[in-house]
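# Fold and geometry: a report
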Amino acid sequence: MDIKGKFKSFIDKQKISLKAPTSPVQNADFVTLDDFEGRTAVTPQVFRKGSALNEHMLTPEAEQAVIDSIEKIYFESENVEVSEHELQKFPEVIDIHFINGTRSRLRKQQAIVSRRVSDLIMQKQGMCSEEMERVTELQKEIIKEVGLCVEGRKKLALGRSQFTSASLGILANYSKRQKIASVIRSLRMIRTLQMTDVQLQSLLKAEDYPGAIQLLLECQKAAATFKHFTCISELSTKLQDTLEGAEEQLDVALAKVASNFNSGNYEKLQTAYGLLGKTQTLMDQLHMHLTSHIHNSAFTIVLGYVELYNTANGGNGSVGGSSYSKLQYSELCKNVNEESFLPCLLDLSRCMWNVLRSYKSIIAWHESDKRSVPRADTPEHCNDSEMENHCRYTKQKLEHGLYRIWQDVQAKVRTFILASDLSHFKFDDFLRILDVINKLIDVGESFCGSRSETLRESIKKQSLNYFRNHHRARMEELHMFLENEGWEPCPVKSTFSIYQLMEFRFLRGRDGVFNKIATPNSSPIKRLGKCAQTVLMFGSPLVNQKRKIDHSKVPIVTNTALTILRLIGKYIQMMRLLQPIAFDVMISLSHLFDYYLYSVFTFFGPSGVQEQELGHLRSPLKRIQDTLIINVEDSPDEPQDHEKVQSPSLSPVVDTTSAESIYGLPVRVVAVESLIFLAHQLEALLPHIEPLIPQQRRTFWHRHFNTCRYLASIRYHVYSTVAAQVIDYDAIQNRMTSVRWDINDLMSQHSQYVDVLLRQLQVLSMRLEEVSRVSPIPSEAYKALWECIVKKTNQMLLEGFAGARRCTNEGRSLMQLDYQQFLMKLECLTSVRPLPDRHVVETYIKAYYLPEGALEDWIQQNLSDYTPRQLTALVATMTHISKRTRQKVGALIEDGGKKL
């Protein structure tokens, strides 16, 4: 072993010997106060041997230098092996002097450090003494506390020894009792849960849906609490099945509310679905039930009518060997017959209206209910944000559902309407159908603001088809009426008005045809019954019957005119009921009047009249001829226009050629005046018709129905036919040719032809008075007839005066005398003032005296009033003009005749 190892071994032994021996710990159960007596807290310091340094005292500076030379490792608080550190400094070859020097250094350092420590201790000795006193006091307190602990332990041992097993038995039994009570409570709860199903069914039967759901939820909560029991596991499954069954019953109840709204039941359903946390599900299910109800109800209603009428008509309740119930809805609608169509449409409309009413009631309920989710559900499950989301979702769902539900209703009604051919229905029944559909359109606009284009297009299609067939049939009937018309006045009351006709009562607001729909549970229109007041005194009036009639008050109207008026009333109803084809109906309405106008003119107007002579009638007559009348010259192979009808023929019983009847004057008067009456009624109806026509078409309406300008022409052309036959104009004109106009003496007596003419006019006046006693001749007709007679007579006189080959001033004076005599007597026969064309004749007679310079201007101004022959004859008798002027005026007359 080397020297380092020996030193190390020696140092270790020294350390072991310096350690204080430890006394064994006594394992006593109790510690007494005696154990602490005679012991001191601190042992005295062991006296150490003095050092050699005590003999050699160093100066403080030298001691400080020694202390500074001590290495830092000796000041570290951690366990440092300083001996190992010093041994590491030994060289490989150790010398005794090195060892002694190292030992001397270390002993010197230790001595100085020890002395410094001793000095510090001595400086702090007072403080140490004080601290030792405090330690002594603390020791005494500890000894006292230890005594208290020992005393407590003794008493605890005494209590344990004196505690009996009986007391513990009592406590154990009490614990068992508590556990048994808990088990009993659990058993009672289990029994209550098992009996829940009966109570739940009772609540559902009583429609107490919130109570039933609340009970189920509480049961489920309780079942979750007792889920550790085996029986509760099965009960939880049963409760879940019961909850699903309850939700199915809620769904059934919701379906009933969808078809027939009840605010109480709907509020219960809202609360119940709210408790389930399915408020949004409720809205989805509600719309599904509404859609399903629309489809199922429509199918059921149509199927019921199809089977009912099929069985009643001897059918077997099937089609093609298959049950009607297996058909699609569109196919089923095709099997609805004409008899059942209207009742089925009414029931279908009522059902659809009830669905819309229920939906509106649901919306109104939500608008009046500020909760939007049930109060019972709100505090526990819904915060303000969720509640707002519920409200927003409900509102959006209801708003979006408006249009979708109306579209479903439209689709069902449209399919029903288009499946049948309505062209063969009675007009009144078709009007009722239109009225029902229009009410549905009004309901749709009120329901969701929809224009209901689907319904409008379907009813427009059916209406056009129906109306064309209907109008064609009416025109054919009108053709038949006109060919069988006797042109006798239909006896009506003096107070007669078209508003007394059943077809026009809607204009007075007495009928409910166009009133705003309030509910379709009542009939959409009042059944058209018989007229409450008889406006016609039907019969066969005798022509020769003597009776006093106030012609100025009784309107003259024929049976055909009354028929046209009734048709006009129905057509106006059609226009009001169906706006999309209002213009088409208006055109057809105009055909009724046009055909009557054409017939009157054809029957009683002049034959062979030139177009230029028709005046205002030329344009309407040509239009009627082109659009309404079948051209007999067309080939039978050519396609015929279905809107055209044949030209009517006058009934053979009507006499228009007999002089005794004044060439059919009574029937002509009836025909013309009934036409004029019809025209006035049309103009009176314009305020009712015009709003029904599209704005862009009203100009056409006014241009087409300006009937007032036709009236004077109609009267003139018809009565001029009579005027041309009641006087023997040819005989009188022959008498005028025998009169000499080239006399040289002024005559004081008028010519004889004037008396003959006046006598014939006087006889005519007497006959007119006689005829008017049995057949009405209104003052307008009377005046028009006399105007035609006077015009015709003036034309005849003008032709007679123009027939003079030679004339003198005296002859011209005779013409004036004859004409003045004629006018004077004529004014006594007629009340027509002024006499028509009087100035034409007088101007012609006086033109003979015109100077040569003024003749040319006069000819130019009067070319339209006289014929070229009359003007040529006038110039030929004027001997005071030159040949040059005669030629110039002749050329002017010839040019004017060509222009005319």
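Residues numbered from 1 in each chain as written. Predicted model: local features only at pLDDT ≥ 70, side-chain atom pairs only at ≥ 80, totals over all residues. Heavy atoms only, no water.

## Details of the pattern of salt bridges
As enumerated under the stated definition, the model contains 21 salt bridges in all. Among the ionic pairs, Asp-626 bridges to Lys-622, the shortest N-O distance being 3.1 Å. On the criterion of helical spacing, the pair formed by Asp-626 and Lys-622 is a turn pair, its members being 4 residues apart in helix H20 (residues 618–627). In this structure, the salt-bridge partner of Arg-806 is Asp-742, at a minimum N-O distance of 3.6 Å. Here Arg-806 is found in the loop between helix H27 (779–802) and helix H28 (809–829), whereas its partner Asp-742 is found in the loop between helix H25 (729–737) and helix H26 (752–774), with 64 residues between them in sequence. Each of Glu-63, Arg-115 and Arg-116 takes part in a single network of salt bridges with overlapping partners. (Salt bridge = Lys/Arg side-chain N within 4 Å of Asp/Glu carboxyl O. Helix = DSSP H or I, 4+ residues; strand = E, 2+ residues; numbered from the N terminus.)

## Structural notes on unusual backbone geometry
For the bond running from Arg-833 to Pro-834, omega is -10 degrees, close enough to zero to count as cis. Here Pro-834 shows up in the loop between H28 and helix H29 (838–846). A positive phi angle is found at Asp-837, which is not glycine, with a value near 65 degrees. On the secondary structure map, Asp-837 appears in the loop between H28 and H29.

## Notes on the side chain of Ser-720
Along the chain, Ser-720 turns up in helix H24 (residues 708–726). Its relative accessible area of 18% is what places Ser-720 among the buried residues. Among the polar contacts listed, one links the side chain of Ser-720 to the backbone oxygen of Tyr-716, at a separation of 2.7 Å. Among residues more than four places away in sequence, those in contact with Ser-720 are Arg-715 and Cys-788. (Buried < 20%, exposed > 50% of the residue type's maximum accessible area, 1.4 Å probe, protein only. Polar contact = N/O pair within 3.5 Å; in protein donor to acceptor, adjacent residues only side chain to side chain. Contact = heavy atoms within 4.5 Å.)

## Looking at the packing of helix H10 (residues 263–275) against helix H13 (residues 338–368)
Packing of H10 against H13 brings their axes to within 11 Å, and their N-to-C directions diverge by 60 degrees. What the angle tells us is that H10 and H13 run oblique. The two elements H10 and H13 meet at a crossing, and its hand is right-handed. Touching Ser-263, Tyr-266, Glu-267 and Gln-270 of H10 are Ile-362, Trp-365 and His-366, all from H13. (Axes fitted to C-alpha atoms, helices over the stretch in contact; angles between N-to-C directions. Parallel < 35°, antiparallel > 145°, perpendicular 65-115°, else oblique. Left-handed = near helix turned anticlockwise from the far one by under 90°.)

## Quick notes on the confidence of the model for the chain
With 76% of its residues at a pLDDT of 70 or more, the chain shows a mean pLDDT of 79. When mean pLDDT is taken per element in the chain, H29 scores highest with 95 and helix H14 (residues 378–381) scores lowest with 47. Low pLDDT (under 50) marks residues 371–381, which in the prediction has 21 contacts with non-local residues, meaning those over four places away or in another chain. Confidence drops under a pLDDT of 50 for residues 510–549, and excluding neighbours within four residues, the segment shows 75 contacts in the predicted structure. (pLDDT = per-residue confidence, 0-100.)

## Re the packing of helix H16 (residues 427–448) against helix H18 (residues 559–577)
Where H16 meets H18, the axes come as close as 10 Å, and the angle between the chain directions of the two elements is 20 degrees. What the angle tells us is that H16 and H18 run roughly parallel. Helix-helix and strand crossings are classified by hand; for H16 and H18 the assignment is left-handed. Between H16 and H18, the residues in contact are Phe-427, Asp-428, Phe-430, Leu-431, Leu-434, Asp-435 and Asn-438 and Lys-570, Gln-573, Met-574 and Leu-577, respectively. Across the contact of H16 with H18, the residue classes tally to 6 nonpolar, 2 polar and 3 charged. (Nonpolar A, V, L, I, M, F, W, Y, C, P; charged D, E, K, R; others polar.)

## Comments concerning the environment of Leu-565
Secondary-structure assignment places Leu-565 in helix H18. Residue classification places Leu-565 among the buried residues on the basis of a relative accessible area of 1%. In this structure the C-alpha to C-alpha distance between Leu-565 and Leu-589, which are 24 residues apart in sequence, comes to 9.9 Å. Setting aside anything within four residues of it in sequence, one finds Leu-565 in contact with Ile-498, Leu-501, Phe-504, Phe-677, Leu-678 and Gln-681.

## A few points about the packing of aromatic side chains
For the structure on display, the rule yields 20 aromatic pairs. Judged by centre distance (5.5 Å) and plane angle (85 degrees), the rings of Phe-341 and Phe-425 are edge-to-face. On the criterion of sequence distance, the pair formed by Phe-341 in helix H13 and Phe-425 in the loop between helix H15 (384–418) and H16 is long-range, its members being 84 residues apart. Taking the relative accessible area as the measure of exposure, Phe-341 reaches 0% and is therefore buried. The class for Phe-425 is buried, based on a relative accessible area of 8%. Ring plane angle 40 degrees and centroid distance 5.9 Å describe the contact between Trp-487 and Tyr-596, whose orientation is recorded as tilted. Residue Trp-487 is located in the loop between helix H17 (453–484) and H18, and its partner Tyr-596 is located in helix H19 (residues 582–604); the two are separated by 109 residues in the primary sequence. You can call Tyr-596 buried: its relative accessible area is 0%. Among the aromatic residues, those joined into a cluster by ring pairs are Trp-487, Tyr-596, Phe-603 and Phe-604. (Phe/Tyr/Trp six-rings, centres within 6.5 Å; stacked < 30°, edge-to-face > 60°.)

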